[in-house]
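The lines below spell out each chain.
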Amino acid sequence: FLHRRWTRSDVDNVSKFYATHKAPFNTEYPWPKDLFYDIVEECDGFFPVKIEALPEGTCVNSHVPVFQITAKGKYAGLVTFLETVLCQVWYPTTVATLSRRVRQIVEEGFDRSVDEDRKFLVPSRLRDFGFRGCTCTEQSVVGGCAYLLSFEGSSTMSAAYYAQFMLNGGKAVTCTIPATEHSVMLAWETEREAVENMIDLYGDGIFACVMDSYDYERALREVLPSVARRKTERGDGYLYLRPDSGDPVETVLMALRAGHEVFGSEVNSKGYKVVKGCGVLQGDGINIDVLRQILEAVMEAGYSAENVAFGMGGGLLQKVNRDTMSFATKLSAIVPESTGEERIVMKAPKTNVGKTSLPGRLAVKYVEGEAGMRTPTVFPKDLVSPEDNLLEVVYDHKPVDKEWDSFDRVRERVDATWRGLEPAADAVSQQMRHLQAEHNPHE
């Protein structure tokens with residue numbers, strides 16, 4: 001939206017809209033029409049504001065500003081015009097954070113139960129199943145790309161394509177496997193025929209079959225043993241059994257036990273069973289808490305975490321909102337026309353101190369901690385040198401001439417800054433705390 005140049009025709013159309021927008025009788029709503037004509041005539045149609053933002057993929061603690069808007073003179077009010085659009089960064093940030101927390105849980109399970117030479121499987125343990133639940137294709141791209149910063153498996157083709165060709169110079173960032181869903185299973189006379197068809201087509205690689213179209217327990221007890229020889233003769237392929245109903249924990253354990261009985265298992269160096277050529281892909285009812293419960297139950301039953309992969313749909317791309325991580329944009333400094341002197345301001349609602357905002361012009365810099373940890377910390381801007389300030393200019397009265405990082409580079413930054421972040425660190429500096437106390441009307 002910011003990169004789009006406004007024209008007089010655009011302002012004319014907005015005028016027609018506001019001419020009938022005031023309640024209750026659709027009369028003219030007050031808006032700064034002349035200001036927007038000035039943007040067209042004086043600013044070449046671009047918003048005359050400066051926006052600073054953290055480098056994409058930077059992991060931070062709560063209360064660290066991810067962007068800062070500045071505007072001057074008669075255009076100062078534009079900062080609030082842009083708040084709604086810019087604050088929508090909440091969505092990809094929240095999905096990316098959720099995905100990274102899931103990855104952390106998976107890594108902990110792998111550390112406990114998976115051999116070192118098998119840890120390359122971590123990025124494939126979660127798959128994005130959220131496309132069909134999105135409000136539109138654009139949402140699937142935004143959320144699906146955010147998820148891909150931490151994992152490499154996705155069935156959201158819109159995001160996979162966009163990330164590869166629009167964000168990564170054509171280099172692939174994700175992949176998927178052949179898999180049935182219920183319509184495919186129902187199209188065959190029997191489930192056995194459907195599974196055998198998958199074995200014939202894809203049995204020398206990784207593939208998945210949904211197993212609950214009729215009777216999940218019967219499919220594991222009867223259908224799976226009936227296709228075992230065919231699968232074994234086909235080669236060294238890997239079959240994911242996919243339950244899609246029932247209790248998520250129990251259905252996963254049922255599939256692991258069935259796979260163990262049919263194909264056998266090996267015990268790894270950490271004492272956990274690894275089923276031969278067969279695992280479970282659980283994509284029903286998955287959210288971060290259920291995923292954690294399943295992994296714990298799997299390991300308690302003596303199976304390695306590498307036996308299980310997950311698909312997350314609504315829990316990944318839909319069941320989040322702006323309040324999940326309390327995103328908001330607030331005024332922090334203003335120069336009134338009456339005085340011409342800058343005044344520091346902050347929101348400090350007595351009824352909810354959690355909504356207290358940051359005062360003044362802001363900067364973010366790393367503060368070194370123990371064991372190599374580094375915490376991006378917010379300071380008053382005048383206490384941070386430009387070289388140390390993580391907030392970099394990404395828009396300055398027009399699009400800036402900047403080479404944006406590739407998707408691979410952003411992925412690397414996510415991984416590096418997440419691992420270097422102290423989870424419980426206070427990311428608000430003492431200097432900023434003092435400034436808050438100084439301008440808090442309740443203290």
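A quick note: this is a predicted structure, and the numbers were derived from the prediction, not measured.

What follows covers the nonpolar core. In a soluble, globular protein the nonpolar side chains are often hidden away together inside. Grouped together as the largest cluster of nonpolar side chains are 77 residues, with contacts concentrated most on V102 and L291. If you tally residues by element for this core, the top one is helix α5 (residues 90-113), at nine residues. Each residue touching L291, except ones within four places of it in the same chain, is listed here: V102, I105, V106, L126, I286 and F310. With 25 residues, the next largest nonpolar core counts F36, Y75, V394 and Y395 among its residues.

Residue position: E412 is located in helix α14 (residues 407-419). Separated by 404 residues in the primary sequence, E412 and R8 have C-alpha atoms spaced 43 Å apart.

Moving on: the sheet that holds strand β10 (residues 308-312). As summarised here, the arrangement of the six strands in space is β4-β3-β10-β9-β6-β5, forming an open sheet in which the pairing is parallel. Looking along the sheet, the strands with just one partner apiece sit at the ends: β4 (153-154) and β5 (206-210). Here strand β3 (residues 126-128) runs beside β10; their pairing, made up of three bridges, is parallel. Bridge pairing in β10 places D128 opposite M312. Its contacts with the sheet place helix α6 (residues 137-147) against β3 and β4, and it is angled at close to 165 degrees to β3. Strands β3, β9 (278-282) and β10 of the sheet are contacted by helix α12 (residues 288-300), whose axis makes an angle of about 170 degrees with β10.

By the secondary structure assignment, R125 is in the loop between α5 and β3. Summary of buried charges: R125 has no salt-bridge partner, and the nearest side chain of opposite charge, E306, is 6.7 Å away. Here the side chain of R125 touches Y240 through a polar contact of 2.9 Å, side chain to side chain. Looking at R125, its side chain comes within polar contact range of the main-chain oxygen of V308, at 3.4 Å. With near-sequence residues (within four places) excluded, R125 lies in contact with V106, F110, F151, Y240, E306, V308, A309 and F310.

Pairing within the open sheet is antiparallel, and its three strands lie in the order β2-β1-β15. Strands at the two margins of the open sheet, each flanked by one partner only, are β2 (67-70) and β15 (392-396). The average undirected angle you get between the axes of adjacent strands in this sheet is 20 degrees. In terms of strand pairing, strand β1 (residues 50-53) meets β15 through four bridges, oriented antiparallel. If you follow A53 over to β15, its bridge partner there is E392.

Running from amino to carboxyl end, α5 crosses α14 at an angle of 65 degrees, the nearest separation of the two axes being 12 Å. Classed by the angle they form, the pair α5 and α14 counts as roughly perpendicular. Here α5 and α14 pass one another in a crossing that is right-handed. Only V414, D415, W418 and R419 of α14 make contact with α5, whose side of the interface consists of R100, R101, R103, Q104 and E107.

At their nearest, the axes of α5 and α6 sit 7 Å apart, and the two run at 35 degrees to each other. Here α5 and α6 pass one another in a crossing that is right-handed. For the pair formed by α5 and α6, the contact residues are Y91, P92, V95, A96 and S99 on the first element and Q139, V142, G143, A146 and Y147 on the second. Partitioning the contact of α5 with α6 into residue classes produces seven nonpolar, three polar and no charged.

For strand β14 (residues 374-380), the buried fraction is high: six of the seven residues fall into the buried class. As paired elements, strand β13 (residues 362-368) and β14 share seven bridges and run antiparallel to each other. Within β14, the position partnered with A363 by the bridge is F379.

Rules of the game
Residues numbered from 1 in each chain as written. Predicted model: local features only at pLDDT ≥ 70, side-chain atom pairs only at ≥ 80, totals over all residues. Heavy atoms only, no water. Core = buried A, V, L, I, M, F, W, Y, C linked by side-chain atoms within 4.5 Å. Buried < 20%, exposed > 50% of the residue type's maximum accessible area, 1.4 Å probe, protein only. Helix = DSSP H or I, 4+ residues; strand = E, 2+ residues; numbered from the N terminus. Contact = heavy atoms within 4.5 Å. Pairing = 2+ DSSP bridges. Axes fitted to C-alpha atoms, helices over the stretch in contact; angles between N-to-C directions. Lys, Arg positive; Asp, Glu negative; His and termini not counted. Salt bridge = Lys/Arg side-chain N within 4 Å of Asp/Glu carboxyl O. Polar contact = N/O pair within 3.5 Å; in protein donor to acceptor, adjacent residues only side chain to side chain. Parallel < 35°, antiparallel > 145°, perpendicular 65-115°, else oblique. Left-handed = near helix turned anticlockwise from the far one by under 90°. Nonpolar A, V, L, I, M, F, W, Y, C, P; charged D, E, K, R; others polar.

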